[in-house]
Every structure is written in structure tokens, then in C-alpha cells.
Amino acid sequence: RQSGNTVCSSYIATMSAEVEAVTAVFRQYAYSGDGLVGKEYLVSVLIEICGLTEASVGKMLQAYAAGADKYEIEEFISWAFQVQSTKKMAETTMADSQGESESEQLAKCMANIERLRRELNANQAERKALGYPTLSEERKEQIAVEMKSRKQLCKDLCAKGIIPSPSICVFNQIDQDKTRKLTGKAIARLVRGMSVALGAKFDVEPEDEILKTLDEDNSGDIDMNEWCERLPKLPKLFEALKADVDPTWGTLMSFRTPEEQLAKCMGNIERLRRELSANQDERAAAGLPVLTDDRKAEIEKEMAQRKKQCKN
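What comes next concerns the included structure. It should be emphasised that the depicted structure is a prediction, and the values quoted were computed from it without experimental measurement. (Residues numbered from 1 in each chain as written. Predicted model: local features only at pLDDT ≥ 70, side-chain atom pairs only at ≥ 80, totals over all residues. Heavy atoms only, no water.)

### Some details on the overall build of the chain
And step 1. In terms of regular secondary structure, the chain is built from 16 helices and six strands.
And step 2. Taken across its 312 residues, the chain has 37% of its residues classed as buried.
And step 3. Sequence-distant contacts, at least 24 apart, represent 65% of the contacts inside the chain between residues at least 6 apart.
And step 4. Surface summary for the chain: the accessible area is close to 18800 Å², and the carbon and sulfur share equals 51%. (Helix = DSSP H or I, 4+ residues; strand = E, 2+ residues; numbered from the N terminus. Buried < 20%, exposed > 50% of the residue type's maximum accessible area, 1.4 Å probe, protein only. Contact = heavy atoms within 4.5 Å. Areas by Shrake-Rupley, 256 points an atom, 1.4 Å probe, with all protein chains shown as cover.)

The following block contains the structure:
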């Protein structure tokens, strides 16, 4: 049997000293039975085998379950690895942000939280039908750990008065598939939506000028770096986006993504369908106007337009 010191040393490169010690001890002393270990025994093992101080052990157990007399082995191991994952996530986040401004870090962090939220709330039956893997309990735990870490980073940056980068916020709001690239069709839809949504509140450049500037190499698509480089060349639009970004959520307040537009359009179609198929005697009894031939024609025309919009 390996000594506790040998087991502990194998984790040094990837885990903190305390987490490494906990994991090593439990892997070494796992046994069949009720799966519980008493506090006094655990404390003595951690001190004797792993060389931790009594104060260090006390702090660790206080963080895990204050006041407990016994500890469930598998839960404790899971907790130890969550601590490890949180530390790794923090290190990864910092590594990914090298050379970026805090405004850019905040925008990307907000986008990653939204990506994780969408994965967590996705319809699993639809994912399975499309051939995507369903969400396992292990993945849910990983998402929970990552979201907690990223939310803390956002909280720290917001506390410093940092405002998320509008360039990155808008790009991530449009990049629904998270490919980090927008097609020409997506760019056109984006520009049209921004012009309609923001043009009423702000003076922005003409749509053709916006398209020409964003896709200046005529490649038909644009990645995030190109987007961030070219957007400031449209000063009116850029200032409008900065003013419209919600600093709490990192999204535009006046713009709907294609996904949100589709949901609203489908809701309007359903509203029109219900009006068209409503019982006219009940409407009359309730004091509501009955459906005239003119109104039926208006509904049918509007439904045709909205169905075409949904299809596009």
C-alpha cells in the first residue's frame, strides 16, 4: 500500500495542498460499510498522514460542513474535486484574458454565463432528436461550478465600475451558434435589426455604409477580431451601442436576436389564429366586437407576412 505522503505527492501539480490531501486520504481509506467517517478520526488522519495542521484541517471542515460529526466519503470527494475545478476555472479564466481589457473580460464572461445557462436549460428531448448528447448529472455539476466562478468574476469587475465592451456584447448576442463568426446573411440581418431598433433613438450611419465597413474585405463573413476592429470605424453606431448596452446583463436593450424575433413572431401568429378561430357568439356575449370580413382579410394578410418572416 502506498504511503499517504506518496499518494499526496502525485497530485501536487494540479491540486491545492488541502484538496490533494483530502482526495488522497479518501482514495486510500475508502472502505465498505455505511460510507461515513467520524470527525475525530478524519482530523487525525489528515494531520498524521498528510501533514496538515489542526488549524488547516479545522478551516477545511468548516468550509465543507460546519458542525458535522460524520462525513459521507463520496460527497466529500465530490466537494474536494469541485474546489479543484473552481481553482482551475479561475486560472483558465485569467489565462484566457491575457492582453484583454477588463471591459472585454467582463463582456466575454457574461457571454459564457449565457452559453452555460442555455446549455443547462436546453430541451433535452430536442437535443436527443438532433443527435446531440443529453445533459448528464456530471455535466450539470461542471456547469454549476463554472457558472459560479464566472459569476464571481463578473461581480468583481462590476464592483470596480467596469462596463462590458459593447462590441463583444453585440457580437455574442448575435452569434447564437457560438462559432465566433458571423455569415453575410447574419450580418445583414444584424445591421437591419440595429438600424431599426437603434435608429429611432440614435443617429446611426446608413445601412449600406455599415455593411460595407463591417465586411470591407467582401469575404461574406466576419470573426470577432474583425468585428471589434471595424465597429469603431462607425462612430455613430458605436456610440449608440455603448449607450444601449445593459451593463448588468451585457446585452442590447433595444435589439432582439433572431431567436427572440422568431419567438415574438410565432407568438403573434398564435394571437391572430386565436382571434380568427374565436367563437363569435361568445365574443358578442362578452361585449367584444365580432369578426368582420374586413378584419378577417387583415388577419389573413398579416399571418401570411409573419409566416414568411418566420420561415426566413
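Let us keep going from here.
### Quick notes on the side chain of Asn112
And step 1. Structurally, Asn112 can be placed in helix H6 (residues 102-121).
And step 2. Owing to a relative accessible area of 18%, Asn112 belongs among the buried residues under this scheme.
And step 3. For Asn112, the side chain forms a polar contact with the side chain of Arg115, separated by 3.3 Å. (Polar contact = N/O pair within 3.5 Å; in protein donor to acceptor, adjacent residues only side chain to side chain.)

### Notes on the layout of surface pockets
And step 1. Of the voids in this model, the second largest pocket is the one considered here, and its volume is about 600 Å³.
And step 2. Lining of the second largest pocket is provided by 25 residues; of these, Met110, Ala111, Glu114, Trp249 and Thr251 occupy positions nearest its centre. (1 Å grid on protein atoms, 1.4 Å probe; cavity = no way out; pocket = protein on both sides within 12 Å on 5 of 7 lines; lining within 4 Å. Points joined across faces, edges and corners; volume = space filled by probe spheres on them.)

### Structural notes on the nonpolar core
And step 1. Among the nonpolar cores identified, the biggest contains 28 residues, and Met194, Trp227 and Leu237 are the most heavily contacted of them.
And step 2. Listing elements by their share of this core, those giving two or more residues are helix H9 (166-174), helix H10 (184-199), helix H11 (207-214), helix H12 (224-230) and helix H13 (235-244).
And step 3. Considering every element that reaches this core, the biggest residue donor is H10, with six residues.
And step 4. In this structure, Met110, Leu116, Ile143 and Leu157 belong to the second largest nonpolar core, which totals twelve residues. (Core = buried A, V, L, I, M, F, W, Y, C linked by side-chain atoms within 4.5 Å.)

### Quick notes on unusual backbone geometry
And step 1. The residue Asn218 is not glycine, and still its phi comes out positive at about 55°.
And step 2. Tracing the chain through its elements places Asn218 in the loop between H11 and strand E4 (221-223).

### Concerning helix H4 (residues 54-65)
And step 1. Across its twelve residues, H4 extends 16 Å between first and last C-alpha, which sits within 8% of the 16 Å expected from 1.5 Å per residue.
And step 2. The set of residues buried in H4 consists of Ser56, Val57, Met60, Leu61 and Tyr64. One face of H4 carries all of its buried residues, which in axial projection span an arc of 125°. Pointing more than 90 degrees away from the buried face of H4 are the exposed residues Glu54, Ala55, Lys59, Gln62 and Ala63.
And step 3. Where H4 terminates, the next one or two residues include Gly67, which has phi positive at roughly 85°. (Expected span 1.5 Å × (residues − 1). Arc of directions from axis to C-beta.)

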